[in-house]
Amino acid sequence: MKPFMPTRQRQAAQAAVAHSSRRGDGRSAALLLTPFVTLFLLFFLAPALQTFYLSLTESSLTRTNAFVGLANYALLVRDPSFWASLGNTFYFSLLTVMPLTALGLLMALLVHRFTRVQGWLQGAFFLPYVLPISVMTLIADWMLQPSTGVINQIVGGQTAWLADVDWAMPVVALGTIWWTVGFNMLMLLAGLRNIPRELYEAAALDGARGFTLFRCITWPQLRPVVGTALLLQLIVSLKIFGQTYILTVGGPFNTTRVTLHYMYETAFTHSDAGYAAAIAMAFVAVVVALSLLHALLRRVVAGRNP
Amino acid sequence: MVQRRRFLGSCALLATPLARAQSGKPIELRMWTLLSGGDGARMHALVNAFNASQRAVRVVSTTLKWGEPFYTKLITSAVVGAGPEIATIHLSRLPNLAGGGVLRPIGEAELLAAGLRAGDYFERQWHKSRYKGASYAIPLDMHPLVLYYNKHLTRRAGLLGSDGRLAPIEGYEALTAAFRSARQRTGKAGLAMEANQSSFAVWRLWLSLLTQRKATLIEHGRFAYGSAGVEELAKISAWFTRGYAQAGLNYPASTSQFMGGAAAFMLNGVWEVPEMVRATRLGTLGFDYGIAPLPRVYHDASAWTDSHAFALPANEGQPLAPEKARAALAFIAYISRHSMSWAEGGHVPAYRPVADSNQARALMPNAEYAAAAHNVVYDPDGWYMGAAGPVESMASKFMPGALSGQLTPGEAMRMFETEAARLLRKAPPRY
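Residues numbered from 1 in each chain as written. Chains lettered and ligands numbered in written order. Predicted model: local features only at pLDDT ≥ 70, side-chain atom pairs only at ≥ 80, totals over all residues.

### Points about the overall build of chain B
Rules: The helix and strand labels rest on DSSP assignments: H or I over at least four residues marks a helix, E over at least two residues marks a strand, and numbering proceeds from the N terminus. Radius of gyration: over C-alpha atoms. The globule rule applied is 2.2 Å multiplied by the number of residues raised to the 0.38 power. Three classes are used. A residue is buried when 20 or more other C-beta atoms lie within 10 Å of its own, exposed when 12 or fewer do, and partly exposed in between, with C-beta atoms placed from the backbone. Placing a C-beta atom from the backbone of each residue, one calls two residues in contact when those atoms lie within 7 Å.
Looking only at helices and strands, chain B features 19 helices and 17 strands. Taking 2.2 N^0.38 as the reference for a compact globule, 431 residues should give roughly 22 Å; the C-alpha atoms of chain B span a radius of gyration of 22 Å, in line with that estimate. Structurally, chain B occupies a C-alpha span of about 75 × 50 × 30 Å along its principal axes. Within the span of chain B, comprising 431 residues, buried residues form 52% of the whole. For chain B, the proportion of contacts with a sequence separation of at least 24, taken over those separated by at least 6, is 79%.

### Some points on the overall build of chain A
Within chain A, the regular secondary structure consists of 13 helices and two strands. Relative to a compact globule of 306 residues, whose C-alpha radius of gyration would be 19 Å, chain A shows 25 Å and is clearly more extended. Principal-axis analysis of the C-alpha atoms gives chain A an extent of 65 × 55 × 35 Å. Across the 306 residues that make up chain A, the buried fraction comes to 30%. By sequence separation, contacts in chain A at least 24 residues apart represent 67% of the contacts at least 6 residues apart.

### Quick notes on the sheet that holds strand 8 (residues 145-150) of chain B
Strand pairing in a sheet takes place through backbone hydrogen bonds and is either antiparallel or parallel in direction. Residue and element names in this part refer to chain B. Selection rule: Here, strands pair whenever DSSP counts at least two bridges between them. Here the axes come from fitting lines to C-alpha atoms, over the contacting stretch only for helices, and the angles between their N-to-C directions go from 0 to 180 degrees.
Spatial ordering of the open sheet is given by 9-12-8-13, a layout of four strands whose pairing is mixed. The open sheet is flanked by strand 9 (189-192) and strand 13 (289-293), the only strands paired with a single partner. Between one strand axis and the next, the sheet turns through 20 degrees on average, direction left out of account.

### Focus on the interface of chain B and chain A
Applied cut-off: Side-chain classes follow a simple rule in which Ala, Val, Leu, Ile, Met, Phe, Trp, Tyr, Cys and Pro form the nonpolar group, Asp, Glu, Lys and Arg form the charged group, and the remainder, Gly included, forms the polar group.
Listed as interface residues are 22 residues of chain B and, on the opposing side, 19 residues of chain A. Here the residues of the side of chain B that touches chain A are counted per class, giving nine nonpolar, nine polar and four charged.

### Regarding the domain arrangement of chain B
Residue and element names in this part refer to chain B. Here is the rule: Throughout, the edges of the domains are those of an automatic or database domain assignment.
When its domains are assigned, chain B resolves into domain 1 (2-143 + 306-362) and domain 2 (145-304 + 389-425). Centre-to-centre, using C-alpha coordinates, domain 1 lies 32 Å away from domain 2. Counting residues at the interface gives nine residues for domain 1, matched by seven residues for domain 2. Considering only residue class, the side of domain 1 that touches domain 2 consists of no nonpolar, six polar and three charged.

### Here's the deal with the confidence of the model for chain A
Residue and element names in this part refer to chain A. Under the convention used in this document: Per residue, pLDDT captures the predictor's confidence, and it can take any value from 0 to 100.
Overall, the prediction assigns chain A a mean pLDDT of 89, with 92% of residues at 70 or greater. Looking across chain A, the model is least confident in helix 1 (residues 7-24), with a mean pLDDT of 56, and most confident in helix 8 (residues 168-193), with 96. This model gives residues 1-5 a pLDDT under 50, and the stretch forms two contacts once residues within four places in sequence are excluded.

### Considerations on the packing of helix 8 of chain A against helix 10 (residues 211-238) of chain A
All names here are of chain A. To keep it simple, the criterion reads: Note on terminology: angles under 35 degrees are roughly parallel, angles over 145 are roughly antiparallel, angles of 65 to 115 are roughly perpendicular, and the others are oblique. Note on convention: near helix rotated counterclockwise from far helix by under a right angle means a left-handed crossing. Clockwise means right-handed.
Across the interface, helix 8 lies against helix 10 with an axial gap of 9 Å and an inter-helix angle of 160 degrees. When the axis of helix 8 is compared with that of helix 10, the two are roughly antiparallel. Crossing angle aside, the handedness with which helix 8 passes helix 10 is right-handed. Contacts between helix 8 and helix 10 pair Asn184, Met187, Leu188, Gly191 and Leu192 from the former with Leu222, Val225, Val226, Ala229 and Gln233 from the latter. Residues that form the contact of helix 8 with helix 10 fall into these classes: seven nonpolar, three polar and no charged.

### With respect to the nonpolar core
All names here are of chain B. Convention followed: Here a nonpolar core is just a set of buried residues of the types Ala, Val, Leu, Ile, Met, Phe, Trp, Tyr and Cys, joined wherever their C-beta atoms sit within 7 Å.
If you look at the biggest cluster of nonpolar residues, it comprises 174 residues, and the most contacted ones within it are Val146, Leu191, Trp206, Phe265, Phe331 and Met399. Residue assignment places this core across two domains, with domain 1 (2-143 + 306-362) and domain 2 (145-304 + 389-425) each supplying three or more. Other than its neighbours up to four places away in sequence, Val146 contacts Val270, Ile291, Ala292, Pro293, Leu294, Tyr369 and Ala372.

### Description of the pairing of strand 8 of chain B
All names here are of chain B. Among the six residues in strand 8, six count as buried, and that is most of the element. Across the two faces of strand 8 the burial is the same, with Leu145, Leu147 and Tyr149 and Val146, Tyr148 and Asn150 all buried. Two strands pair when backbone bridges link them, and strand 8 and strand 12 (residues 263-269) are joined in this way by five bridges, in the antiparallel orientation. Along strand 12, the bridge assignment pairs Tyr149 with Phe265. With five bridges joining them, strand 8 and strand 13 adopt antiparallel strand pairing. Residue pairing for strand 13: Tyr149 is matched across the bridge by Gly290.

### Describing the sheet that holds strand 1 (residues 27-33) of chain B
Residues and elements named next belong to chain B. The five strands lie next to each other as 2-1-3-15-6, forming an open sheet whose pairing is mixed. Lying at the two open borders of the sheet, with one neighbouring strand each, are strand 2 (57-63) and strand 6 (137-139). Between one strand axis and the next, the sheet turns through 30 degrees on average, direction left out of account. As defined by bridge partners, strand 1 adjoins strand 3 (residues 86-90) across two bridges and the pair is classed as parallel. Bridge pairing in strand 3 links Trp32 to Ala87. The strands touched by helix 3 (residues 37-53) are strand 1 and strand 2; relative to strand 2, the strand with the most contacts, the crossing angle is about 165 degrees.

### Points about the environment of B:Gly38
Residues and elements named next belong to chain B. In this structure, Gly38 sits in helix 3. You can call Gly38 partly exposed: it has 18 C-beta atoms within 10 Å. When the C-alpha atoms of Gly38 and Ile106 are compared, they prove to be 29 Å apart, with 68 residues separating the residues in sequence. Residue contacts for Gly38: discarding those within four places in its chain leaves Pro274 and Gly345.

### Re helix 13 (residues 273-304) of chain A
Residue and element names in this part refer to chain A. Worth spelling out the cut-off: The span one expects for a helix is its residue count, reduced by one, times 1.5 Å.
Compared with an ideal rise of 1.5 Å per residue, which puts 32 residues at 46 Å, helix 13 spans 46 Å between its outermost C-alpha atoms and is within 8% of the ideal. Residues Ala273, Gly274, Tyr275, Ala276, Ala277, Ala278, Ile279, Ala280 and Phe283 constitute the buried set of helix 13. Next to the buried residues of helix 13 lie helix 2 (26-54), strand 1 (57-59), helix 3 (71-77), helix 4 (80-113) and helix 12 (259-269).

### Re the pairing of strand 1 of chain B
Residue and element names in this part refer to chain B. As a reminder, the rule being used: Call a crossover right-handed when, viewed with both strands pointing away from you, the route from the first strand across the helix to the second goes clockwise.
Where burial is concerned, most of strand 1 is hidden: five out of the seven residues are buried. One ladder, built from seven bridges, connects strand 1 with strand 2; its direction is parallel. Pairing of Glu28 across the sheet is with Arg58, part of strand 2. The parallel pair strand 1 and strand 2 is bridged by helix 3, and the resulting crossover is right-handed.

### Some words on the packing of helix 12 of chain A against helix 13 of chain A
Residues and elements named next belong to chain A. Orientation of helix 12 relative to helix 13, taken along the N-to-C sense of each, is 165 degrees, at an axis distance of 7 Å. As the angle between them shows, helix 12 and helix 13 are arranged roughly antiparallel. Note that helix 12 runs across helix 13; the crossing there is left-handed. On the side of helix 12, the interface is formed by Thr259, Tyr262, Met263, Thr266 and Ala267, while helix 13 contributes Ala273, Tyr275, Ala276, Ile279, Ala280 and Phe283. For the contact of helix 12 with helix 13, the residue count by class is nine nonpolar, two polar and no charged.

### Some points on unusual backbone geometry
Excluding glycine, residues mostly have negative phi values, and the peptide bonds linking residues are mostly trans. Here the residue pair A:Gly251 and A:Pro252 is connected by a cis peptide bond, since its omega of -5 degrees sits within 30 degrees of zero. In this structure, A:Pro252 sits in the loop between helix 11 (242-247) and helix 12. With an omega of 0 degrees, the peptide bond between B:Met364 and B:Pro365 qualifies as cis. Relative to the helices and strands, B:Pro365 resides in the loop between helix 17 (358-362) and strand 17 (376-377). The phi dihedral of A:Val249 falls on the positive side, at around 50 degrees, and the residue is not glycine. One can find A:Val249 in the loop between helix 11 and helix 12. Although it is not a glycine, A:Asn254 sits at a positive phi angle of roughly 65 degrees. Inspection of the secondary structure puts A:Asn254 in the loop between helix 11 and helix 12.

Structure (C-alpha cells):
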C-alpha cells in the first residue's frame, strides 16, 4: 500500500483485495489450512487444555481423580522447591542467552569476513549442533571426569566439576554454549547476508571503514535479527532439561534442578501428575510473560533510536 | 517333578481351546525384569532352563532399565492392560504397586495349585509380599548390606583374628577405629563406599544404623527419628571428612577401589559377590577377601536389605487368562526350586528348601555372611518408600552432600526432610 494514496482510495483498494480473496481463494485456503489446523487442535491445543484441566485435579501418573480447583496452584506459590527450581532455570538462562547470542554473532562475522575459508569455518562452528544430546553429554562427562578428564589434565587438580556447587551450572552452561551456538551463528549469518552490499559501498565512498562500518551499517541492519535470536534463545534456555538431567541429575543437592526437571520428578517419581501439570502451566505463564517483556523492551529500544 | 507333572496335567485339562495345548503350541508368557549385569545373565539362564524343561510354556524375558524407568513403564503399561504377564519387582515397592492397583492378587487356591506354600519361604519375605491380607508376589531372594574386607590389608592393620577372619567389631568406636587403623597403617583407604550425587549406599547404611538404635523412621505421616537422624548421618560423614574413606566416588569407582586393593573395607550389597568370586577364579584379584555381616553398632546388627520378587501385573481390562496365570505360577515355582544358581549371585534365596540345603550352606563366600539374613531391615512400608522410590531418590540427593562436606549433616537432613514432607502427607496414588 503506497503511503501517499488518499484515504478513501486506500480503503477501497483494501476492500477489493479482501473481497477478491474471499470470493476466489476462500475454499482452497480452508482446504490448505485443514491439515495444519487438525494437527494443531489434536496434538497441541487439546493436550494443552487437558494439561490445564489436569492441573485442577488430584491425579496420579495414570489416573485423573477428584477436581480440586486451584489447590495445586495454592500449594505451588508456597512451594520452596518450585521457586528454587525457577531460580536455577533463570540462572542457566543468564549464563547462556547473552553469551550464546554474542558468540553466535562473532562467529557469523568471522564466517562472513573470511570468505576463502567460509565453508570450513561454518562447518566447524555448526558441527556440534548436529550431535544428539546423549552424545554431547557423554563427551562433556568424559572431559569433566575428576581424575581422568582432559579438563583436569589441563588445569590440574581433581575438581569434580559436575558435583561442585559453584561450578556445576556454569559447566553445564559452557557445554550447552559449545553445543548450540552453531544455530545462532547460522541465523545471524543469514541476517548478515541480507544486508545490501550497496550500503557498504556507499559508506566506503564516504570513507567509512573497520569498526565504523559495523557500528553504522551492520549493527543497525542486523538488530532485528539479533532481537529475534535473543528471544528464541531465551525460550530455548528456559526450556532446559536434558543437559542437567543427564549430566548432574539436578545435583549437587538440587542446585541444578531446573523447573522442567522438577516437573518431571513430580510426575514420574512422585506420581503426582496434577501438581506436575500445575508446574507446567505456571512455567508456561512465566515463559510467555518473559517473551512479552522482551518484545516490550525491543519496542522501547527501537523507539528510542529509530 | 511331581509338581511339574501336576501342573502339566492341569494345564492340558483347562487350556482353552484344548486343541492348542495338545497340538504342542506353547503358552507364551512375557516377563519384564530390571535385572542387569550378572543377575541378568543368571536369570536369563534360569529362563532358558525352564523353557527347555517342558513344552507347554515359553517365557520370553525382556530387561528394562533399573529404577524409576522400569517402574514407570510397569505402572503405566499395567493400568492400560499392555503390561507383561510376569514382572520382577522389589518387595520394598510392594505397598506402592499393590496399593496402587498395578499388581494382580494371587489367590490362595492358585498358590496351592502351583505348589507355592508360605512355609517354604522365609517368613519375613513372605510377609513382605502380602498386602492387606492377599499375596501379590512370590519372593525370590534378599540382598542385604554387608561388610567386605581385604584380608591382606586388614591383617596389616591388625584387624584379623587367629582364624584369618575379621575379628568381631562392635560399636561405632570400634568400627571407626578399624577404618582409621587400616587407613593409617596401610596408607590405603579404610573404607570404599559409593558417595557421589544420587548414590544410595548412604541411605541404606543410615537406615541400618537408625534401626539398630531402635529409632522409628516414620510415624503418623512424619519423620519420627528426631535427633538420631542427624547424629547417624554425622557419624557416617565423619569417616569421609576425616579421610578414612574417599568422598565423591561413584558406584563403579568405589567397587574398583576395593577390587583394585586400594581399600581395606567396602560397604555394599551382596550383589558384588559374583564379581569377587570371578576375579578370584581368574586370579585377577590380588588379595584374599572375606565378607562379614554389617557390624553391630547399637542394640543389634540390623542391616538394610531388599528383595527381588515375581509379581503378576494387573493389566486392567485384560485380566490374565486362568491358564496363563497357572503357567506363570508354575514358572515362578520352578525358579524358586532352582534358586541355587541365584544364590551363586550372592543373594540369599527366599525359598527355604534351597536356602537351608547343605549345598547352599556350604557355598562360599555366602556362608560367611549368612547370619546377616537374621537381622535385615527393609525400607518401612509406605507408597513413597522402596527401591528408586521418591524418598530414596530424595535421600540420594542430600545425604551424599554431607559425606563430601558440601553440607553439614544438619543441613542435609533439613533439606531432605523439607523436600520429603509433602510426600509423606500425600494420599497413596491409585494408578
